[in-house]
Structure formats: structure tokens, C-alpha cells
Amino acid sequence: MLGKGKVQEQAVDELEALPPTHPRRLNTLELLYQLQENLKDNQEPEPDPDDRELIMRLKPLFQERLAEAQQQGMQQGMQQGMQQGERRLRSLIEGLLRARFGSLDAELTAIIEPLLSLPIEELTPLILRLSREDLIARLHSPS
């Protein structure tokens, strides 16, 4: 990659040919990005033509990697948000069951998972209207 001319072109071609998630491609792009930033900091206002050509050739790869990282970040954020939402809903259900029936025993604890799968519009009326026995009978799945 640090060669010139045909050697550098071949190295970029090989890098482009690697699958987007290949570790060697990811590591190389990270190192090249750091190199590019260092070249920008240490050069005259304009990079020399060879460096400029390399930067232009690698730019789409950098942008692709940035888009992948952003997508991964969004997916992780959504997953964390869903997990946090589920924890809050579980806490709400536990609180409603405790407020309604006094404490959570094994039978009430066993129906929390089935309650989590219900739409919120169904969930609250069930907990508030059904007796303890009816609620358990309706949601308890035989082991």
C-alpha cells in the first residue's frame, strides 16, 4: 500500500476485492485512515499527486466503512433500547402484580413472561380485572 504506481494500484485492488467484513480489510482501512489524517496534518496545503490519487481511490472504501460502522451503531442502539424497554415493562408488570396481589410468589413470577408478550392494551386490564387465580389459569403454561 505504501508503494508507488502499479504496486500501490495492485494493493488497492486487492483491498477492494476483500469482503467488506474481512478483518484484514477492516484493519488496513483503519491504518490507512490514520495515515491519511497524518499526511493531511504534516503536508503542504496540497498533497502531492500520488498521495492525492491514493486518497481519492480509498475515499469510497472509507465512506463504506463509516456507513457500516454507523449501521452497526444504530443496530446496537436499537437493541439496547429494546432491552431497556423490556426491563422497564417487566418492572412495571412486577409492580402491578405486587400492588394488586401483595407479593410475587412462584406462580405469579411464572406468568410474567407470558404477560410480556401481550400488547399493553391487553396486559393492564388483565392484571387489574382478573382475580389472581383467573390470571394464573389464563396465562400459566404447563411445564
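Residues numbered from 1 in each chain as written. Predicted model: local features only at pLDDT ≥ 70, side-chain atom pairs only at ≥ 80, totals over all residues. Heavy atoms only, no water.

Section: the nonpolar core
To keep it simple, the criterion reads: The set of buried Ala, Val, Leu, Ile, Met, Phe, Trp, Tyr and Cys residues whose side-chain atoms join them within 4.5 Å is what this entry labels a nonpolar core. The buried label goes to any residue with under 20% of its type's maximum accessible area, the exposed label to any with over 50%, and the partly exposed label to all in between, with areas taken from a 1.4 Å probe on protein chains only. To qualify as a helix, a DSSP run of H or I must reach at least 4 residues; to qualify as a strand, a run of E must reach at least 2; elements of each kind are numbered from the N terminus. Every residue pair with non-hydrogen atoms within 4.5 Å of one another is taken to be in contact.
If you look at the biggest cluster of nonpolar residues, it comprises 14 residues, and the most contacted ones within it are Ile93, Leu97, Ile111, Leu115, Ile127 and Leu135. If you list the elements that add at least two residues to this core, you get helix H3 (49-101), helix H5 (112-116), helix H6 (120-129) and helix H7 (132-139). Beyond its immediate sequence surroundings of up to four residues, leucine 97 is in contact with Gly102, Leu104, Leu108, Ile112, Leu115, Ile127 and Leu135. In this structure, Leu29, Leu32, Leu54 and Leu61 belong to the second largest nonpolar core, which totals 8 residues.

A short note on the environment of threonine 28
By the secondary structure assignment, threonine 28 is in helix H2 (residues 23-42). The spacing of threonine 28 and aspartate 105 is 77 residues in sequence and 56 Å in space, taken between C-alpha atoms. Non-local contacts of threonine 28, meaning those with residues more than four positions away in its chain, are made with Met1 and Leu15.

Here we look at the confidence of the model for the chain
For the record, the criterion: On a range of 0 to 100, pLDDT expresses the predictor's confidence in each residue.
Scored by pLDDT, the chain has a mean of 86; 92% of the residues are at 70 or more. When mean pLDDT is compared element by element in the chain, H5 scores highest at 94, while H2 scores lowest at 79.

Topic: the packing of helix H1 (residues 5-17) against H3
Here is the rule: Each axis is a line fitted through C-alpha atoms, taken for helices only over the stretch in contact, and angles between the N-to-C directions span 0 to 180 degrees. Convention used here: angles under 35 degrees read as roughly parallel, angles over 145 as roughly antiparallel, angles from 65 to 115 as roughly perpendicular, and any remaining angle as oblique.
Packing of H1 against H3 brings their axes to within 11 Å, and their N-to-C directions diverge by 5°. Between H1 and H3, the angle falls in the class roughly parallel. Every residue of H3 that contacts H1 at Gln8, Glu9, Val12, Asp13, Leu15 and Glu16 is listed here: Asp50, Glu53, Leu54, Arg57, Leu58 and Leu61.

Details of the packing of aromatic side chains
Put simply, the test is: Here the aromatic set is Phe, Tyr and Trp, taking the six-membered ring for Trp, and pairing holds for ring centres within 6.5 Å; pairs whose planes are under 30 degrees apart are stacked, those over 60 apart are edge-to-face, and all others are tilted.
Evaluation of the coordinates by the stated rule reveals 1 aromatic pair. Ring plane angle 80° and centroid distance 5.5 Å describe the contact between tyrosine 33 and phenylalanine 62, whose orientation is recorded as edge-to-face. Of this pair, tyrosine 33 sits in helix H2 while phenylalanine 62 sits in helix H3; the two residues are 29 residues apart in sequence, bridging distant segments of the chain. Relative accessible area serves as the criterion here: at 42%, tyrosine 33 is assigned to the partly exposed category.

Looking at the side chain of arginine 132
Put simply, the rule is: In protein, a polar contact means a hydrogen-donor-capable atom and an acceptor-capable atom, both N or O and within 3.5 Å, with residues adjacent in sequence counting only if both atoms are side-chain atoms; elsewhere, any N or O pair within 3.5 Å suffices.
You can see arginine 132 is positioned in helix H7. Here the side chain of arginine 132 touches glutamate 107 through a polar contact of 3.3 Å, side chain to side chain. When near neighbours in sequence (up to four residues on either side) are disregarded, arginine 132 contacts Phe101, Asp105, Glu107 and Leu108.

Some remarks on the packing of H3 against H6
As a reminder of what qualifies: A crossing counts as left-handed when the near helix is turned anticlockwise from the far one by less than a right angle, and as right-handed when that turn is clockwise. Classification convention: Asp, Glu, Lys, Arg as charged; Ala, Val, Leu, Ile, Met, Phe, Trp, Tyr, Cys, Pro as nonpolar; all other residues, Gly among them, as polar.
Taken N-terminus to C-terminus, the directions of H3 and H6 make an angle of 20°; their axes are 9 Å apart at the nearest point. In terms of orientation, H3 lies roughly parallel with respect to H6. In the crossing of H3 with H6, the sense of the turn from one axis to the other is right-handed. On H6, the residues touching Leu89, Ile93, Leu96, Leu97, Arg100 and Phe101 of H3 are Ile120, Leu123, Ile127, Leu128 and Arg129. A breakdown of the residues in the contact of H3 with H6 according to their chemical character gives 9 nonpolar, no polar and 2 charged.

Some thoughts on the pattern of salt bridges
Our working rule: Within this document, salt bridges are pairs made up of a side-chain nitrogen of Lys or Arg and a carboxyl oxygen of Asp or Glu, the two lying within 4 Å of each other.
What the rule picks out here adds up to 7 salt bridges. In this structure, glutamate 64 and arginine 25 form a salt bridge, with 2.9 Å as the shortest nitrogen-oxygen distance. Of this pair, glutamate 64 sits in helix H3 while arginine 25 sits in helix H2; the two residues are 39 residues apart in sequence, bridging distant segments of the chain. Given the relative accessible area of 3%, arginine 25 is considered buried. Measuring nitrogen to oxygen at the nearest pair gives 3.7 Å for the salt bridge that ties glutamate 68 to arginine 65. Remark: arginine 65 and glutamate 68 occur in helix H3; sequence separation between them is 3 residues, near one turn of the helix. On the basis of relative accessibility, which here comes to 21%, the residue glutamate 68 falls in the partly exposed class. We classify arginine 65 as buried; its relative accessible area is 19%. Because the salt bridges share partners, they merge into one network encompassing Asp13, Glu16 and Arg57.

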